[in-house]
Amino acid sequence: MIPIRRLFASLATAALLATGMAGTAHADDIPAPTTINQDQYLGGSFTMDRHLDGFDKPLSSNGDFILSPARGLVWRTLAPFPGTTILDDHGITRIDDQGNRDELARGDQFRQFVELISAVLAGNWQPLEQRFDITRDTIENGTWQVILTPKDGSTIQNQISKITATGTDFVENVRLEKPTGDHDAITLADQALQSLPLPPEFAALLTGADQ
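Residues numbered from 1 in each chain as written. Predicted model: local features only at pLDDT ≥ 70, side-chain atom pairs only at ≥ 80, totals over all residues. Heavy atoms only, no water.

## Looking at the overall build of the protein chain
What counts is decided by this rule: Helix and strand assignments follow DSSP, with helices taken as H or I runs no shorter than four residues and strands as E runs no shorter than two, numbered in order from the N terminus. Per-residue accessibility, obtained with a 1.4 Å probe over protein chains only, is compared with the maximum for each type, and a residue is labelled buried under 20%, exposed over 50%, and partly exposed between these values. Residue-level accessible areas treat just the shown protein chains as cover; the underlying method is Shrake-Rupley with a 1.4 Å probe.
The secondary structure content of the protein chain amounts to three helices and 11 strands. Along its sequence from the N terminus, the protein chain presents helices and strands in the succession α-β-β-β-β-β-β-α-β-β-β-β-β-α. A total of 211 residues make up the protein chain; the buried ones form 46% of that total. Here the protein chain displays about 10200 Å² of accessible surface, and carbon together with sulfur accounts for 45% of that area.

Structure (structure tokens):
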């Protein structure tokens, strides 16, 4: 089982975070995927493998997601245990398979890291450059790799050692490495940009979303 709560704890700390051959670069010099405009949303599916020390096989989960710069992020796990995590301008809310809501985090500080999580998944590096050293590795055949490491003195260094994102038109793989040696590997697939409004089942979950 991969608790979605722990997933977003990882992504949250990651987003307050995320190394390579080329040295630190300005965000404007880093390859970026397709921009998600304010009147658009990105939809797709995900698979997450959590690799834990002492376990021969990773713990896996999968589902789908919607990412809207104007509305927020909905991360819906379908297997092995259904559940939905919503990240919007109010914070983070968890909904279980019975429809019960659990507010995990609220307030200005959580709005900030919700924005950072969305930036990592969208490949929007500029909001991250004040907290991370951002570098690029090799780029070939249209595939890029961006590596983010916490700046020296950051408390995030105690929880995340590196984030590596790769992709083409969109971010397709995110690897979160931890000082313990554990790592999470997230694969994003079937991604496509659509114009707002959101699909009704997702719009109903996000604060202020157009129905």
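Still more to cover.
## Quick word on the pattern of salt bridges
Operational definition: We define a salt bridge as a side-chain nitrogen of Lys or Arg found within 4 Å of a carboxyl oxygen belonging to Asp or Glu.
Per the stated rule, a full pass over the model turns up six salt bridges. D184 serves as the salt-bridge partner of R50, at 2.8 Å between the closest nitrogen and oxygen. Here the residue R50 occupies a position in strand 1 (residues 40-51), and D184 occupies one in strand 11 (residues 183-195), the gap between them amounting to 134 residues. Taken individually, R50 and D184 each receive the classification buried, so the pair is uniform in this respect. Of the charged contacts, one joins R76 and D64 as a salt bridge, the two residues approaching to 2.7 Å between their closest N and O atoms. Here R76 is found in strand 3 (residues 72-79), whereas its partner D64 is found in strand 2 (residues 59-68), with 12 residues between them in sequence. For D64, a relative accessible area of 18% puts it in the buried group. Where salt bridges share partners, they join R50, K178 and D184 into one cluster.

## So, the nonpolar core
The cut-off we apply is this: Here, nonpolar core refers to any group of buried Ala, Val, Leu, Ile, Met, Phe, Trp, Tyr and Cys residues whose side-chain atoms link them within 4.5 Å.
Residues L67, W125, L128, L148 and L188 are the most contacted members of the largest nonpolar core, which totals 31 residues. Among the elements that make up this core, the one with the highest residue count is helix 2 (residues 108-122) (four residues). Counting residues in each nonpolar core, the second largest holds nine residues, with Y41, I66, I95 and L198 among its members.

## Regarding unusual backbone geometry
Residue A79 is joined to P80 through a cis peptide bond whose omega torsion reads 5°. With respect to the secondary-structure elements, P80 resides in the loop between strand 3 and strand 4 (83-88). Following L196, the chain continues into P197 via a peptide bond in cis, with omega recorded as 10°. With respect to the helices, strands and loops of the structure, P197 is situated in the loop between strand 11 and helix 3 (200-203). With phi around 55°, D190 is a residue other than glycine that occupies positive phi space. You can see D190 is positioned in strand 11. D190 gets classed as exposed once you look at its relative accessible area, which sits at 66%.

## So, the pairing of strand 3
Regular strands place side chains that alternate from one sheet face to the opposite one. Selection rule: DSSP calls a pair of strands paired once it identifies at least 2 bridges connecting them.
Where strand 2 lies against strand 3, seven bridges are found, and the strand directions are antiparallel. Along strand 3, the bridge assignment pairs L67 with L73. Connecting strand 2 to the antiparallel partner strand 3 that follows it, the hairpin turn spans three residues. Pairing of strand 3 with strand 4, which is carried by five bridges, proceeds in the antiparallel orientation. Looking at strand 4, one finds that R76 is bridged to T84. Taking the residues between adjacent antiparallel strands as the criterion, strand 3 and strand 4 are bridged by three residues.

None of the figures reported here should be taken as evidence of function without further support.
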